[in-house]
Amino acid sequence: MIYSSLAILAVAASAAIPPFGNLVHMHPHARPDDRVSVLVVNHGKVFQDVSVAGHVYTITADSNIRIKAPAGTLVYRATPRPYHAKGEVLIAMTPAVNDQTIELK
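Residues numbered from 1 in each chain as written. Predicted model: local features only at pLDDT ≥ 70, side-chain atom pairs only at ≥ 80, totals over all residues. Heavy atoms only, no water.

1. A word on the overall build of the protein
Next, step 1: Looking only at helices and strands, the protein features one helix and seven strands.
Next, step 2: Along the protein, from the amino end to the carboxyl end, the secondary structure elements read α-β-β-β-β-β-β-β.
Next, step 3: The proportion of buried residues among the 105 residues of the protein is 26%.
Next, step 4: Nonlocal contacts in the protein, meaning residues at least 24 apart in sequence, comprise 49% of its contacts between residues at least 6 apart.
Next, step 5: Accessible area for the protein stands at about 7,600 Å²; split by element, carbon and sulfur atoms hold 62% of it. (Helix = DSSP H or I, 4+ residues; strand = E, 2+ residues; numbered from the N terminus. Buried < 20%, exposed > 50% of the residue type's maximum accessible area, 1.4 Å probe, protein only. Contact = heavy atoms within 4.5 Å. Areas by Shrake-Rupley, 256 points an atom, 1.4 Å probe, with all protein chains shown as cover.)

2. A word on the environment of K68
Next, step 1: By the secondary structure assignment, K68 is in strand β4 (residues 63-69).
Next, step 2: Owing to a relative accessible area of 45%, K68 belongs among the partly exposed residues under this scheme.
Next, step 3: As a C-alpha pair, K68 and L39 span 29 residues in sequence and 8.9 Å in three-dimensional space.
Next, step 4: If we skip the residues at most four places from it in the chain, K68 touches D33, R35, V36 and S37.

3. Things to note about the sheet that holds β4
Next, step 1: The sheet built from three strands is open, its strands ordered β4-β1-β7 with mixed pairing. Of all strands in the sheet, those with a lone pairing partner are β4 and β7 (100-104), marking the two edges. Ignoring strand direction, the axes of neighbouring strands in this sheet form an average angle of 25°.
Next, step 2: Pairing between strand β1 (residues 36-42) and β4: seven bridges, direction antiparallel. Counted as the bridge partner of V40 is I65 from β4. (Pairing = 2+ DSSP bridges. Axes fitted to C-alpha atoms, helices over the stretch in contact; angles between N-to-C directions.)

4. Here's the deal with the pairing of strand β5 (residues 74-77)
Next, step 1: Alternating residues of β5 divide into V75 and R77, all buried, and L74 and Y76, none buried.
Next, step 2: Both β5 and strand β6 (residues 89-92) contribute to a ladder of three bridges, which runs antiparallel. Bridge assignment links Y76 to a residue of β6, and that residue is V89.

Next up, the structure:
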C-alpha cells in the first residue's frame, strides 16, 4: 500500500517538474473549437440586448461584442425597437456565417 501511494505521488510530482512535465499530459486529446463566431455591432444611439442560449448580453451604443456559440444556436433580439420586435431572430449560427458581422441600428 505504501508503494502504490509513493508511485502516485511520483507521477503527480513528475507532471510539475519541468524535465519530466511532458511525461504525463493531463489533456491528451484537445477538442477543436467548432463554435461559430459572429461580431454584433450596435450602431444605434442607445443600448441593445441580444439573447444567446438563454443568456442576455447588452451591447452599449456604438460598440460591439463577439459571440461564439455552437452551430444551430439562434441569436435573438432582446430589446424591442420601432421596426423590430423583442424575440426576433437576428441570426442562426451556422458554419456559413462564421466570422461575419451583424449590424444593429
